[in-house]
Amino acid sequence: MEIPNYGRVTAQTVIFDLNGTLGVEGKVREEIKELLRKLGEKYEIVVLSSDTFGNLEDEFKGMKIKIEKVKDGNEKLQKALKYEPYIGAGNGNNDVRMLENAELAICVIGEEGASVEALLASDIVVKDVRDAINLLLNEKRLTATLRG
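Here is what the cut-offs are and how they apply
Residues numbered from 1 in each chain as written. Predicted model: local features only at pLDDT ≥ 70, side-chain atom pairs only at ≥ 80, totals over all residues. Heavy atoms only, no water. Core = buried A, V, L, I, M, F, W, Y, C linked by side-chain atoms within 4.5 Å. Buried < 20%, exposed > 50% of the residue type's maximum accessible area, 1.4 Å probe, protein only. 1 Å grid on protein atoms, 1.4 Å probe; cavity = no way out; pocket = protein on both sides within 12 Å on 5 of 7 lines; lining within 4 Å. Points joined across faces, edges and corners; volume = space filled by probe spheres on them. Nonpolar A, V, L, I, M, F, W, Y, C, P; charged D, E, K, R; others polar. Axes fitted to C-alpha atoms, helices over the stretch in contact; angles between N-to-C directions. Helix = DSSP H or I, 4+ residues; strand = E, 2+ residues; numbered from the N terminus. Parallel < 35°, antiparallel > 145°, perpendicular 65-115°, else oblique. Left-handed = near helix turned anticlockwise from the far one by under 90°. Contact = heavy atoms within 4.5 Å. Pairing = 2+ DSSP bridges.

**As for the nonpolar core**
At step 1: In terms of nonpolar packing, the biggest core is built from 34 residues, with Phe16, Leu22, Leu36, Phe60, Ile87, Ile106 and Leu136 touching the most fellow members.
At step 2: With 16 residues, the next largest nonpolar core counts Val46, Leu48, Ala80 and Ala102 among its residues.

**Focus on the layout of surface pockets**
At step 1: Of the pockets and cavities examined, the largest pocket occupies roughly 170 Å³.
At step 2: Within the lining of the largest pocket, the residues separate by chemical class into 6 nonpolar, 4 polar and 6 charged.

**Quick notes on the packing of helix α1 (residues 30-39) against helix α6 (residues 129-137)**
Helix packing geometry: the angle between the two helix axes and the distance between the axes.
At step 1: Contact geometry of α1 with α6 gives a least axis separation of 10 Å together with a crossing angle of 20°. Considering the angle they form, α1 stands roughly parallel to α6. The interaxial crossing formed by α1 with α6 has left-handed handedness. When α1 is examined against α6, the residues Glu31, Ile32, Leu35, Leu36, Lys38 and Leu39 are found in contact with a partner set consisting of Val129, Arg130, Ile133, Asn134, Leu136 and Leu137.
At step 2: Among the residues forming the contact of α1 with α6, the class breakdown is 8 nonpolar, 1 polar and 3 charged.

**Focus: the pairing of strand β6 (residues 86-90)**
At step 1: When you tally the buried positions in β6, you get 5 out of 5 residues, the bulk of the element.
At step 2: Burial along β6 is two-sided: Tyr86, Gly88 and Gly90 and Ile87 and Ala89, pointing in opposite directions, are all buried.
At step 3: Direction of pairing for β6 relative to strand β7 (residues 104-108): parallel, over a ladder of 4 bridges. Across the sheet, the residue bridging to Ala89 is Ile106, located in β7.

Take a look at the structure:
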């Protein structure tokens, strides 16, 4: 997609953090899963997570989503780089390097909040992951937000 006075976004992959971004305490609401299914028709979806609550695989079972466990922000970046160029969505300090290297970075300030570093590493800030997904499903919203 071409965004006037911003540039071209060519990413075919969206990388999400799980905790604080897609879900709370490792759980993703059905409404979000349905939006992810729609987004998966347009992009490859990858979830990079440390799996703090131990339910990463169960949470996305049967969905067309690639999941990868990571130990920290450095490993998250290394795994993300395999998908370049990518769109990144996160909220925490362990997402900062992944966000900094994304072609388009979205900070999600959900129920768990967001770190200042993640906020500063992002191109767009949203109040809920639904907003982030809907921006990607409705590209004119992205244009309205980012055009110069």
